[in-house]
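Residue-level listing of the chains:
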Amino acid sequence: LDVSMDPQNYFYTCLVSLWLHRFYIYSSLALGISVWICIQCFANKTRRKKCNGNPASAEETEGKLVNGYATSKAKEVYVAGVKIFYGSQTGTAKRFAESLAEAVISLNLSAEVINMGDYDPDDSLTEETTSRNICVFLVATYTDGQPTESAAWFCKWLEEAVSDFRFGKMYLRGLRYAVFGLGNSVYVDHYNTVGRNIDRWLWMLSASRIMTRAEGDCNVAQSRHGSIEADFEAWKTKFLSRLQALCKGEKKPCSGKCKKGKCKSQGKQSKESSDHGHGTSEYVNAEAEEFFETTSEEESDAEKAGDANSVIDVEDLGEIMSHVKKVKVLLASTEDMMVLSFVLGGALGFSSRFLPHQNSYKLIGSHSGVKLCRWTKSMLRGRGGCYKHTFYGIESHRCMEATPSLACANKCVFCWRHHTNPVGTEWRWKMDQPEMILQEAIENHQNMIKQFKGVSGVKADRLEEAMTAKHCALSLVGEPIMYPEINRFLKLLHQQNISSFLVTNAQFPQEIRNLEPVTQLYVSVDASTKESLKKIDRPLFKDFWQRFLDSLMALSEKQQRTVYRLTLVKAWNVDELKAYAELVSLGKPDFIEVKGVTYCGESSASNLTMANVPWHEEVVHFVQELADLIPDYEIACEHEHSNCLLIAHKKFKINGEWCTWINYDRFQELAQDYERSGGAKTFTAADYMAKTPHWALFGAKERGFDPLDIRYQRKNKTKDVSGC
């Protein structure tokens, strides 16, 4: 620097020198970092080559210093073993399972072969979400599209778990699986339906498939590889290859679009956390299935023509959006057709396609249905009965849940059918005869019971008893009392020694007055004021409140057992105690059932959430306060695991002992005498009551659970909102 230059130039010169100095320092630092990164990259590349591409081995070589000594990281186990489930009738699937197990063992992995008939998914399947096992399902399909006898219960459980709100959509998240179906393409309408269904149900419960479902064909002419054995061997080879990749830590299967030896899927693993992440709409319903899945582990001719794979890459999403739109249109048209079939009086034929089959209804004729209650299944396995067993002594495993009218005059916010049934204020449909309805209801019920033969935990004596229905809960869905021939239907039930529990929504007072004797007649009292009833039940009748009051007055005229059914919805109807007490004085019921609302999952038809579900202690508190306002009544029974209590009139307390149970044989005798006499020989509720056991009473240590059974708690269950 020249000190003789003027001060201003001197200052600028110093500033430039400082900048150059800093630039030199930063450039040197950047160069050093670049060299260090290159060295590290080269070292990592060398290390991967030495480890043959095994990430776990690479981790072992990295190590760290502990107390001056080098230690290796523990090798991560990506696959603990393989569980091979089979459902076989002729032995083919079993033979394939044993063959696959031998091949897996040769890879130094454990393998377990499991007969699906000996496996209880309710108890064990969730354990596979954290076991690091791979589950393989080898399942055969009968010619009629049904599973084999050994796989029937497993399939039934999966189907119902998909729609059961108690399980949740993420119930099997973490379970990894593969499916190989065995079928015969001669029966084209039912070809490999069991394998497809299991694949779909597992996917809907958030399990992750490790590879596309494959299918073996017994029809040699159509078999991809010449025989079903060859189909299986081809799939087995690919499965073992995929299994080895998983053992090395690879998370995503090959997309099937490899070019020039470079697999595109390897570079996309960071874009996808799991196979389940793509294709959210893949299994919207069975009708939409064709748009989203392949029928084989290999690329079919249809795929080559441009169809979508079951595993969808991000780059491919645009190509399938048109398919998604088609599915939405299909769903919308399905709902329209469901309503239309009712409006036209059954002229279109009310098929299961138009009812939410995921709820496991069995349709009867054009307006009736039957379903197997979950408490029936529970009692078959010795896991306890429903609240009617505790309160009234029904045998839950012998109870048939049905309805002669799927239509209803209300759209209740807590309806567990999510309003998939039609609504109306009068009967406008083609009427089926009650004889046909009852016969098909019993046949369908028996067929559903038969599926429990051989199921793990089912008691043989109860299974045999269950084949003969002893009770009928006319509460499945809709408004049974709308059916014009409801009295003939009730008489037919009683003629077959089947007791009747009929539920009405208190909108048809004249029909209540016209009813013949019923074992027990219910009226749903979901609110105690006009405003809250409109908000909760959302009735179709404009004069709904007067109809509601008239129905309660009609109930007071009945001589047989009558019940108010109160459903508590927190923040909606739990603060109307005095109004409820006034309604009790109006209808004078024999019993009052108070139950916390059951949350049935999200629905566009209701804004109900889990926040509206009261805890059992809150229900108890409500009942205690209500009982204090109605002096002729006391709390009699409790069923904790249904979140339900029973208030009974004191006339059922004989010599200090409650008699809320029913003498069903005596009722049938009285009903027959009534019919023979043309209605002249009447009877009352007091004529067929029976003593209530101690364990069913409020305050008992059993809290309403039958000590003859063993209570089952679902794993990871946070809040018991179950009930029927």
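Residues numbered from 1 in each chain as written. Predicted model: local features only at pLDDT ≥ 70, side-chain atom pairs only at ≥ 80, totals over all residues. Heavy atoms only, no water.

- As recorded in an unreviewed UniProt entry, the protein chain goes by S-adenosyl-L-methionine-dependent tRNA 4-demethylwyosine synthase TYW1 and comes from Nothoprocta pentlandii.
- According to UniProt, the comment filed for the protein chain under the heading Catalytic activity (unreviewed entry) is "N(1)-methylguanosine(37) in tRNA(Phe) + pyruvate + S-adenosyl-L-methionine = 4-demethylwyosine(37) in tRNA(Phe) + 5'-deoxyadenosine + L-methionine + CO2 + H2O".
- On record in UniProt, under Sequence similarities (unreviewed entry), the comment for the protein chain is "Belongs to the TYW1 family." (UniProt positions renumbered as here; feature names shortened; annotations may be inferred.)

**Looking at the side chain of aspartate 120**
- Within the secondary structure layout, aspartate 120 lies in the loop between β4 (110-115) and α4 (121-124).
- Judged by relative accessible area, which is 8%, aspartate 120 ranks as buried. (Helix = DSSP H or I, 4+ residues; strand = E, 2+ residues; numbered from the N terminus. Buried < 20%, exposed > 50% of the residue type's maximum accessible area, 1.4 Å probe, protein only.)

**Focus on the pattern of salt bridges**
- Here the structure, examined in full by the defined rule, presents 28 salt bridges.
- Between arginine 209 and aspartate 199 there is a salt bridge; the shortest N-O distance is 3.3 Å. Remark: aspartate 199 occurs in helix α6 (residues 193-204) and arginine 209 occurs in strand β7 (residues 208-209); sequence separation between them is ten residues.
- The buried category is assigned to arginine 209, whose relative accessible area is 4%.
- Glutamate 593 serves as the salt-bridge partner of arginine 565, at 3.8 Å between the closest nitrogen and oxygen. In this pair, arginine 565 is assigned in strand β15 (residues 561-568) and glutamate 593 in strand β16 (residues 591-596), connecting sequence segments 28 residues apart. Take arginine 565 and glutamate 593: they sit in the same class, and that class is buried.
- Here the residues in one salt-bridge network are Arg196, Asp199, Arg209, Arg213 and Glu215, joined through shared partners. (Salt bridge = Lys/Arg side-chain N within 4 Å of Asp/Glu carboxyl O.)

**A closer look at the pairing of strand β12 (residues 471-474)**
- Here β12 shows a buried face lined by His471 and Ala473 and a second buried face lined by Cys472 and Leu474.
- The sheet contact formed by β12 and strand β13 (residues 499-504) spans four bridges and is parallel. When the sheet's bridge partners are listed, histidine 471 is paired in β13 with serine 499.
- Crossover handedness for the path β12 to helix α14 (residues 486-495) to β13: right-handed. (Pairing = 2+ DSSP bridges. Right-handed = clockwise from strand over helix to strand, strands pointing away.)

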